[in-house]
Structures are given as C-alpha cells and as structure tokens.
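Each chain, letter by letter, is given below.
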Amino acid sequence: MKKIKLCITLIIMLLLVVSFSNISNAAQDYGTVTAITGSPNIDTNESETVTLTYSSLNVEWAKQEGDRNKNGWWIGIKVTAPDNAVKENTTIKRKQYGEGWIEGIKFNDKKDGESEINLWAYIDNTILASNKNKTFDLYEAQFDWGNGKTQTIKIKIDASEANFGNLQLNTSPSMSKVLVVDLGLGATARETNFTIEKGKTLKDGLSENEKKIFDSYKDIDGFVRFYKFSGSTYKFEPDKVSEYEANKFNPDVDAINEENVFIIAYINKPAPVLTPTDPSPAPAPAPAAAPAPAGEKDNTPKTGALEIVGYVAVITVFSAIGMVVLKNKSKNY
C-alpha cells in the first residue's frame, strides 16, 4: 500500500513539474510589460496582446529628449524581452495617436538595457478634448521577437465622463500655453497647441518637430503675417486687420511672457474673379425640310449642277438649228 501511495505521489509531482515547465516556457515567448508612468490597469503583462488602460493621469510637462521628439506630456512603459527572443533580429513597429505606422525599428538600436526598451506615448489637452467621454487608443506597438512570436502592446485612455477630470496634464507657472490658428480669406481654421517656457521665442522654445508644424502655417497659400493676442480669449476680425498693428508678431524675435497666448496666422487669398461669358443664346438652326412620306414619290424639282448643264446644252442646240434655218430662208429670198 505504501508503494502505491509513493507511486501516486511521484506521478503527481512529475505532472506538477511538467505543468510548471510549460507555464514557464509559455511566458518566455512574449515580453513583460510594466508601466513607467502612473498606475494603469493591465489585463495581463506577458501575453500575445497586452493592453494598459489609464483612467487617471498626473503627468508633468517635459522637454524634448531622445525618442520623446517634442515638448509636452509623455506616458512611458517598459518592455522586457522574453528569454527566448532573438534580440538581434527583433523588430518593432509603432503608431502614435493621429499618426501612421513607423516600421523597421530594431530592438538593439533602441534598447535601454541589455533586454529592456522604454516606449513613450505622446498626449496633450487637444487629444483629450477630442476624445472626451470615450475610451480611445493612444499608442500601439508590435514586436516581432525573432522567435516566431509577435506581440501587440496597446495604451488606452479611459476619458469617460466619470474619469475625465482625473486626467491631469500639468504645467508649472513658468510655462506658456500657445494656441495657433489660421484665419481670414482662404483659411482652414486649423488649431495647434504648444507649451513653451516663458521668456522664450517660439524659435527657441519649440522642439524641432514643433517648429515644422508651426512653420507649416507660413506655407498656407495667401499667408500674410502673424498676430499675437494674450489672455483667456481673443477677438480677430479679418476685415479689421488694420486695427491690429500693435499685435503684429515675429516668432523669431518676440518672446512670450504671458500664461496664455493666441497666435493668429492671417490668410488673405480672395476667390478668383471669373470673366463672365456672353449670356445671349446662339441662333436656332433653320428647320430641315420634312422628308417625303414612305411609299410616295418625291416630286420636288431638282436643280443640281448636272441638270443645269443639260438645260444649257439643249438651249445651245436649238439656237444653232434656228440660226441655220434662218440662214437658209435668207438665201431663198
């Protein structure tokens, strides 16, 4: 009896060892995901798909640095490669909110440790306001670990009505919030938000990526110049632009010292004036002669070129005969 119990115990232990071994091997196929920023809800951090959902945030504004390619607010996560990953062959593709996929990122070129890489998702108040009362995808990355396994990692923001007030993007009193919009004839009213340090020009205060976005306003067809307004609201009427002489703004020279600033890119591209065409209608064509009814002979006189030649020939012959007759008669007399 003791031998039977011993055998059963050994079999159970063997099964447990095999089970734990399988679990361990399964975990090695995919990277382990942990949060750098905040405390998101993570469904499972070692699986084919990992989703981190933030229902609250308290993020400080940060300057452009490394993969954080512009000033603003960033949410960070850390991904640790699985034990059986072929790191030299591991590639990543990722997508920020509102942007397309960037592919061909090599793990070994971007890693932040022997087996770790930090990923950063950009967020700002414009993104939050556009998705108020929704849960939306902020960031997505896909890893090909070189071991035959791929892994998808998503960052979601729960901006539902109950949680929206808990999503805080903080700025210090030394920062200026800048909203840029194009207005006027031919303008699109496209709005862009920036945050810079007070006392700096946009030329010095914006990141390289932000400068490209700001400079795109100068490329709008009909761009004239920039105007600056400070305070919580602004009023700009394109037909009264001559009244805003004191608000003219040079982004390369003029420093921003206010907490809230509005930059207007004034556009003046009137619609082209078309040359009017002659409105009088063309004369109607003369009605064509009605064709003869089917089965009836058309008795309309023909006056074509051949008929005229025939008439002339007949008249000529009769004239010649008449002259001969008259000549003969004159001889008889």
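Higher on the page you've got the structure.
As a starting point, this report considers the structure included with it. Quantities reported herein were computed from a predicted structural model and do not represent experimental measurements.

Rules used in this analysis
Residues numbered from 1 in each chain as written. Predicted model: local features only at pLDDT ≥ 70, side-chain atom pairs only at ≥ 80, totals over all residues. Heavy atoms only, no water. 1 Å grid on protein atoms, 1.4 Å probe; cavity = no way out; pocket = protein on both sides within 12 Å on 5 of 7 lines; lining within 4 Å. Points joined across faces, edges and corners; volume = space filled by probe spheres on them. Helix = DSSP H or I, 4+ residues; strand = E, 2+ residues; numbered from the N terminus. Nonpolar A, V, L, I, M, F, W, Y, C, P; charged D, E, K, R; others polar. Buried < 20%, exposed > 50% of the residue type's maximum accessible area, 1.4 Å probe, protein only. Pairing = 2+ DSSP bridges.

**Some details on the layout of surface pockets**
Part 1 of the reasoning: Taken as a whole, the largest pocket holds about 440 Å³ of empty space.
Part 2 of the reasoning: Forming the boundary of the largest pocket are 22 residues, of which Lys-70, Glu-99, Tyr-122, Asp-124 and Ile-127 lie nearest the centre.
Part 3 of the reasoning: Counting only elements with at least two residues in the lining of the largest pocket, the list comes to β6 (91–96), α3 (125–130), β13 (191–197) and α5 (208–215).
Part 4 of the reasoning: With 4 residues, β13 is the single largest residue contributor to the lining of the largest pocket.
Part 5 of the reasoning: Among the residues making up the lining of the largest pocket, the classes are represented as 7 nonpolar, 8 polar and 7 charged.
Part 6 of the reasoning: In this model, the second largest pocket occupies a volume close to 260 Å³.
Part 7 of the reasoning: What lines the second largest pocket is a set of 19 residues, among which Lys-177, Val-178, Asn-193, Phe-194 and Thr-195 lie closest to the centre.
Part 8 of the reasoning: At the level of secondary structure, the elements contributing two or more residues to the lining of the second largest pocket comprise α3, β12 (175–185), β13 and β16 (260–268).
Part 9 of the reasoning: In terms of residue class, the lining of the second largest pocket is built from 9 nonpolar, 7 polar and 3 charged.

**Thoughts on the pairing of β6**
Part 1 of the reasoning: Only one face of β6 is covered, namely the one carrying Ile-92, Arg-94 and Gln-96; the face carrying Thr-91, Lys-93 and Lys-95 has none of its residues buried.
Part 2 of the reasoning: Here 3 bridges tie β6 to strand β7 (residues 102–106), and the two strands are oriented antiparallel to one another. Residue pairing across strands places Ile-92 opposite Ile-105, the latter belonging to β7.
Part 3 of the reasoning: Count of turn residues in the β6/β7 antiparallel hairpin: 5 residues, of which Gly-98 carries a positive phi of about 80°.
Part 4 of the reasoning: The pairing of β6 with strand β9 (residues 135–144) spans 6 bridges and is classified as antiparallel. In the strand pairing of β9, Arg-94 is matched with Ala-141.

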